[in-house]
Amino acid sequence: MDIVQFVKEALSEDLGRGDLFAYVAQDRDACAHIIAKEAGIFSGQIYIEALCSAHNVALELFVQDSQAFESYKVLGILRGSYIAILQIERTLLNIIAHSSGIATHTHAFVQCAKTHIKILDTRKTRPLLRVFEKYSVRNGGADNHRFGLDDALMLKDTHLALIQDLESTIAHARKQIPWTCKIEVEVNDYAMAQKAFEAGADIVMCDNMVIDEIKKVVVLRNESYPHIALEASGNITLRNISEYARSGVDALSIGALIHQAKWLDVSLKMQK
């Protein structure tokens, strides 16, 4: 779904069969301030710009996507029809609060990693909000993992449970999927990592493995399979991410970037 369609459907959900206030109020020109009630990283710009444009509300932003802001900062000003501003108010604030919450949470992980390792999101996103939430992750300074089942072949534990021969499965996959697609294998111990290396995976993910065992996998990769990328995932928190980041893997994938993010407190105030 493109951005314009997204904001139209989001607003339609709120308007329902029509804004009752529009039937009783006399319209006039108005001005409103978007105010951050707590500090964070801004995200949602391209969505609220589309929302305002679709309803002829002028938007002047004082922060851009990925920029930090302090609490009680005026993030932007809305100018236009009094009724139109009120109609888009909740949708606009929800977009900023949700998106900026993810960007802010993601930024905290990036900062705590204390290295230039790639921090990735996962497919643990709310239904129909994947593009929006992954955009918010990028604004927080991290990168996206795959968007869906169609842009990389990932063999997880649930796949591997019924796969008898990993090497032949990967060889067969190479003939079936596009040449540009990578094959990633999830492993949970050193022995399985070695099998995945030998089978010809492009990426090996160390899932829910302790740091010491990950480091052993890193040594094996560096010595014998330097062309294969290494990823770690599972129970990575703000408190332990720096340890995982120093383990020698190339990337850390963290579902919590999205599903544990807290909405930021943002409000709108009409100006007299």
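Above this text you will find the structure in question.
Residues numbered from 1 in each chain as written. Predicted model: local features only at pLDDT ≥ 70, side-chain atom pairs only at ≥ 80, totals over all residues. Heavy atoms only, no water.

Chemist: In this structure, what is going on with unusual backbone geometry? I would like to understand it.
Modeler: A negative phi holds for most residues other than glycine; trans holds for most peptide bonds. Even without glycine at this site, Ser66 takes up a positive phi of about 80 degrees. Position of Ser66 relative to the elements: it lies in the loop between β3 (58-61) and β4 (68-69). Even without a glycine there, the phi angle at Tyr72 is positive, about 65 degrees. Relative to the elements of secondary structure, Tyr72 occurs in the loop between β4 and β5 (74-81). (Helix = DSSP H or I, 4+ residues; strand = E, 2+ residues; numbered from the N terminus.)

Chemist: What exactly am I supposed to notice about helix α7 (residues 166-176) here?
Modeler: Residues spaced three or four apart along an α-helix face the same direction, because each turn holds 3.6 residues. Among all positions of α7, only Leu166, Ile170 and Ala173 are buried. Around the axis of α7, the buried residues are gathered within 60 degrees of arc, so they sit on the same side. Within α7, the exposed residues directed more than 90 degrees away from the buried face are Glu167 and Lys175. Residues of α7 that are buried in the fold lie against β7 (153-155), α6 (157-160), β8 (183-187) and α8 (190-199). Measuring from the backbone nitrogen of Glu167 back to the side-chain oxygen at the start of α7 gives 3.2 Å, which picks out Asp165 as the cap. (Buried < 20%, exposed > 50% of the residue type's maximum accessible area, 1.4 Å probe, protein only. Arc of directions from axis to C-beta. Contact = heavy atoms within 4.5 Å. Polar contact = N/O pair within 3.5 Å; in protein donor to acceptor, adjacent residues only side chain to side chain.)

Chemist: Is there a simple way to think about the state of the cysteines in this case?
Modeler: A covalent bond bridging the sulfur atoms of two cysteines is what the word disulfide describes. By the definition in use, this model includes zero disulfides. We note that Cys31 lacks a disulfide partner, and the nearest cysteine sulfur, in Cys52, lies 12 Å from it. (Disulfide = S-S within 2.5 Å.)

Chemist: What should I look at first to understand the pattern of salt bridges in this one?
Modeler: Opposite charge on two side chains lets them pair, provided their charged atoms get close. Tallied over the full model, the rule gives eight salt bridges. Note that Glu60 is salt-bridged to Arg79, the shortest N-O span being 3.1 Å. With Glu60 in strand β3 and Arg79 in strand β5, this residue pair connects regions lying 19 residues apart in the sequence. Exposure remark for Arg79: the relative accessible area of 41% places this residue in the partly exposed category. With a closest N to O distance of 2.6 Å, Asp121 and Lys134 form a salt bridge. One end of the pair, Asp121, is in the loop between β6 (118-120) and α5 (130-139); the other, Lys134, is in helix α5, and 13 residues separate them in sequence. (Salt bridge = Lys/Arg side-chain N within 4 Å of Asp/Glu carboxyl O.)

Chemist: Would you mind showing me how to read the packing of aromatic side chains here?
Modeler: The description of an aromatic ring pair uses the distance of the two centres, along with the angle that the planes make with each other. The final tally for this structure, using the stated rule, is seven aromatic pairs. Judged by centre distance (5.0 Å) and plane angle (85 degrees), the ring pair of Tyr47 and Phe132 falls under edge-to-face. Here Phe132 lies in helix α5 and Tyr47 lies in helix α3 (residues 45-54), a separation of 85 residues in the sequence. Classification of Tyr47 by relative accessible area gives buried; the value is 4%. By relative accessible area, Phe132 is classed as buried at 4%. Clustering of aromatic rings is evident, with ring pairs tying together Phe6, Tyr47, Phe132 and Tyr135. The residue whose ring lies beneath Arg28 is Tyr82, and the NZ or CZ to ring-centre distance is 5.0 Å. A cation over an aromatic ring shows up here: Lys134 above the ring of Phe147, its NZ or CZ 5.2 Å from the ring centre. (Phe/Tyr/Trp six-rings, centres within 6.5 Å; stacked < 30°, edge-to-face > 60°. Lys NZ or Arg CZ within 6 Å of the ring centre and 35° of its normal.)

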